[in-house]
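# Examining the three-dimensional arrangement
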2 protein chains.
Amino acid sequence: MLRLGFDIGGTNIAAGLVDDQYRIVRQTARPFPKGQDAGAVADLLLALAQTLCSEHGVALRDLNSAGIAIPGSIDTQGETVLDAYNLGFHNVPFRGMAAGRLGIPVFLGNDANAAALAEQRAGALKGCKTAVLLTIGTGVGGGIIIDGELFNGGRNCGVELGHIPLYTGGRPCSCGNLGCIESYCSATRLRVDGEPLGFADAKAVIDAAKAGNRDAMRLFDAFVGDLGSALISIIHLLDPERIAIGGGVCHAGEFLLAPLRQDVQKKCFFATIPQIVRAGLGNDAGIVGAASLNE
Amino acid sequence: MLRLGFDIGGTNIAAGLVDDQYRIVRQTARPFPKGQDAGAVADLLLALAQTLCSEHGVALRDLNSAGIAIPGSIDTQGETVLDAYNLGFHNVPFRGMAAGRLGIPVFLGNDANAAALAEQRAGALKGCKTAVLLTIGTGVGGGIIIDGELFNGGRNCGVELGHIPLYTGGRPCSCGNLGCIESYCSATRLRVDGEPLGFADAKAVIDAAKAGNRDAMRLFDAFVGDLGSALISIIHLLDPERIAIGGGVCHAGEFLLAPLRQDVQKKCFFATIPQIVRAGLGNDAGIVGAASLNE
């Protein structure tokens with residue numbers, strides 16, 4: 001049985017056919033139709049679905065379902081995109097709009113949640129009952145798995161791991177509060193801190209730190225310490241079996257993860273710490289997770 | 001069916017018979033036998049059980065089970081008290097010791113967890129599927145309910161709500177880290193902050209704030225703000241339906257809860273906030289929760 005997964009971002013829409021083993025058997029992508037309305041976005045989803053089905057030799061009506069990962073908040077019924085700033089969607093009843101066009105069951109989900117679900121089904125969190133994916137990019141987001149299933153907050157409004165206070169009263173965060181995890185642990189923050197020293201982006205900071213540059217090492221060490229404290233928040237509250245780190249900075253691999261584990265061990269109340277690993281699915285997580293939203 | 005509940009503290013051991021409706025039908029207490037070994041504590045539990053049964057006209061062997069709430073950490077099998085500093089227990093296989101004496105099934109649990117379970121079964125969290133009890137006393141502790149049941153951390157090692165970073169790098173905490181929730185939001189902290197100004201304890205600060213004393217109001221406002229940020233950590237990660245505040249400071253009632261809700265509303269990512277209420281069971285929570293540990 002094949003399922004459709006759509007990963008809608010402010011730049012691109014990725015679409016794929018996902019099989020029972022959570023493998024993407026065919027995929028495609030198009031630029032997000034900026035400046036057009038949600039109906040045009042739904043039309044584009046249908047066009048992408050038809051392309052995938054045609055290329056793969058299957059009928060759209062024979063697909064099991066379609067899942068759509070959205071970079072924003074979804075209402076508790078899973079019908080309406082409440083706010084997705086990068087898409088310009090506000091109170092858009094997008095599930096129905098997509099279902100009307102695709103003619104198969106459609107499920108909406110937050111993109112960070114979808115990625116966590118994908119990692120649990122087929123990636124770095126596979127087999128875990130309690131696990132967290134923390135994605136570090138422009139912002140910091142993540143998803144929580146409890147009892148092997150996606151946990152969308154006790155009120156089904158989502159979770160906001162990037163907006164847990166880390167330094168209460170500290171740096172301004174995009175959400176309006178001061179001192180959130182996101183304002184210390186995002187790749188953006190590492191870039192901004194690196195800029196006055198001549199580093200172009202987070203990757204440049206990390207590369208220079210690897211090469212032994214003192215300024216870069218200092219920035220990177222502070223970043224690791226802050227990320228360690230962020231993980232301590234998650235661990236002292238949930239103590240998941242495993243935490244996967246996703247997003248661009250996870251490409252630093254053990255250069256990031258080894259000192260991060262040491263920092264967490266130093267601060268952790270428990271004798272042992274959860275496993276801390278690199279996310280496994282990369283950009284595929286969105287499509288795979290979206291397709292898995294019907295489970 | 002009656003169950004036994006024991007609430008063991010460093011000062012007193014409280015014991016009670018609890019019925020199917022989570023009511024304590026008979027209770028008693030004795031001083032904790034300081035300086036004696038764990039065997040003496042287990043002997044005392046048997047003596048308390050015999051007293052309760054005798055007074056209530058029931059046979060100990062006819063009781064359903066006994067639960068023991070411990071102020072410390074329990075191993076994942078529920079057999080051994082790993083560390084309970086106030087009791088002087090370290091790696092004590094206390095479940096077996098108690099079961100050998102009582103002759104009925106015995107269950108061990110952390111006291112903060114037991115209190116949360118009691119509140120969910122019969123108190124301020126009754127009927128909630130996802131809820132948190134935060135107890136503010138000498139330290140800050142708490143328990144988490146997920147899907148209507150106690151959540152003891154993904155690795156079954158417990159949760160440590162008091163040791164979530166609030167001001168990373170801030171005030172020293174008893175756990176060795178800097179800036180934990182406990183080092184800002186405990187009653188102890190309010191007392192210490194009040195002492196140089198002439199306030200004897202947390203209650204004195206709160207009473208003076210109620211009476212309009214400027215110094216006390218300033219301390220209390222800061223305390224409410226920090227507690228609000230602590231709740232934001234819990235809300236942005238778990239977003240429970242309801243949070244109950246327990247411990248001595250909850251006697252402040254709406255004088256604490258009303259500004260606390262306002263502070264949380266101001267900082268919360270979600271449009272609405274979880275219910276924030278006063279814990280309902282007071283000191284009974286330990287016995288009721290201990291008796292409920294077998295569910």
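Quick summary incoming for the structure in this document. (Residues numbered from 1 in each chain as written. Chains lettered and ligands numbered in written order. Predicted model: local features only at pLDDT ≥ 70, side-chain atom pairs only at ≥ 80, totals over all residues. Heavy atoms only, no water.)

Despite not being glycine, Tyr22 of chain A shows a phi value in the positive range, around 65 degrees. Considering the arrangement of structural elements, one finds Tyr22 of chain A in the loop between strand 2 (12-18) and strand 3 (24-31). Of note, the phi angle at Asp239 of chain B is positive, near 45 degrees, even though the residue is not glycine. Of note, Asp239 of chain B is situated in the loop between helix 7 (214-237) and strand 12 (242-246). (Helix = DSSP H or I, 4+ residues; strand = E, 2+ residues; numbered from the N terminus.)

Counting residues at the interface gives 37 residues for chain B, matched by 37 residues for chain A. Across the interface of chain B and chain A, roughly 3,200 Å² is buried in total on both sides, 59% from carbon and sulfur atoms. Taken as a group, Arg155, Thr168 and Leu237 of chain B account for 24% of the area that chain B buries against chain A, more than any other trio of residues on that side. For the pair chain B and chain A, the interface holds two salt bridges. Between Asp239 of chain B and Arg155 of chain A there is a salt bridge, with the nearest N and O atoms lying 3.0 Å from each other. Our enumeration of links across chain B and chain A arrives at 18 residue pairs in polar contact (both at pLDDT 80 or more). The element contributing the most residues to the side of chain B that touches chain A is helix 7 of chain B, with six residues. Considering only residue class, the side of chain B that touches chain A consists of 20 nonpolar, eleven polar and six charged. (Contact = heavy atoms within 4.5 Å. Buried area = accessible area lost by both parts, 1.4 Å probe. Salt bridge = Lys/Arg side-chain N within 4 Å of Asp/Glu carboxyl O. Polar contact = N/O pair within 3.5 Å; in protein donor to acceptor, adjacent residues only side chain to side chain. Nonpolar A, V, L, I, M, F, W, Y, C, P; charged D, E, K, R; others polar.)

Moving on, we come to the packing of aromatic side chains. Counted according to the given criterion, the structure contains six aromatic pairs over all chains. Measuring from ring centre to ring centre gives 5.2 Å for Phe89 of chain A and Phe94 of chain A, while their planes differ by 55 degrees; the resulting arrangement is tilted. (Phe/Tyr/Trp six-rings, centres within 6.5 Å; stacked < 30°, edge-to-face > 60°.)

What follows concerns the relation of the copies chain B and chain A. Note on the identical chains: chain B maps onto chain A by a rotation of 180 degrees and an axial translation of 0.0 Å, with an RMSD of 0.0 Å. Interpreted geometrically, this transformation is the action of a two-fold axis. For chain B, the smallest separation between a C-alpha atom and the rotation axis is recorded for Tyr167 of chain B, amounting to 2.3 Å. (Least-squares fit on C-alpha atoms with pLDDT ≥ 70 in both.)

Mapping Cys185 of chain A onto the fold places it in helix 4 (residues 182-185). With residues up to four places along the chain from it excluded, the contact list for Cys185 of chain A reads Ile136, Val140, Leu166, Phe223, Asp226, Leu227 and Ala230 of chain A.

With that settled, consider the sheet that holds strand 3 (residues 24-31) of chain B. Residues and elements named next belong to chain B. With mixed pairing, the five strands of this open sheet are ordered in space as 3-2-1-4-8. Looking at the sheet topology across the chains shown, the edges are occupied by strand 3 and strand 8 (106-110). Across the sheet, the axes of successive neighbouring strands diverge by a mean angle of 20 degrees, strand direction being ignored. Pairing of strand 1 (residues 3-8) with strand 4 (residues 66-70) involves four bridges; the strand directions are parallel. Within strand 4, the residue paired with Leu4 across the bridge is Ala66. Across the face of the sheet, helix 1 (residues 38-56) comes into contact with strand 1, strand 2 (12-18), strand 3 and strand 4 while running at roughly 145 degrees to strand 3. Strands in contact with helix 2 (residues 94-102) are strand 1, strand 4 and strand 8; relative to strand 8, the strand with the most contacts, it is inclined by about 145 degrees. (Pairing = 2+ DSSP bridges. Axes fitted to C-alpha atoms, helices over the stretch in contact; angles between N-to-C directions.)

A word on the sheet that holds strand 11 (residues 149-151) of chain A. Residue and element names in this part refer to chain A. Taken together, five strands build an open sheet; the order of strands is 11-10-9-12-13 and the sheet is mixed. Strand pairing shows two members of the sheet lacking a second neighbour, strand 11 and strand 13 (275-278), which therefore form its edges. Mean inter-strand twist for the sheet, computed between neighbouring axes without regard to direction, equals 25 degrees. In this structure, strand 9 (residues 131-136) lies alongside strand 12 (residues 242-246), joined through five bridges in parallel fashion. When the bridges of strand 12 are listed, Thr135 appears paired with Gly246.

Let us look at the pattern of salt bridges. Side-chain pairs of opposite charge can arise whenever the charged atoms involved come near each other. Residue and element names in this part refer to chain A. Enumeration over the complete set of coordinates arrives at 34 salt bridges over all chains. Where Arg26 meets Glu55, a salt bridge forms, and the shortest distance between an N and an O atom there is 3.8 Å. With a gap of 29 residues between them, Arg26 in strand 3 and Glu55 in helix 1 (residues 38-56) connect regions that are remote in the sequence. We classify Glu55 as partly exposed; its relative accessible area is 45%. Two residues, Asp193 and Arg189, come together in a salt bridge whose shortest N-O distance is 3.0 Å. Taken as a pair, Asp193 and Arg189 lie in helix 5 (residues 187-194) at a separation of four residues, close to a single helical turn. The exposure class of Asp193 is partly exposed, given its relative accessible area of 22%. Look at the salt bridges and you will find they share partners, linking Arg3, Arg121, Glu149 and Glu295 into a network. (Buried < 20%, exposed > 50% of the residue type's maximum accessible area, 1.4 Å probe, protein only.)

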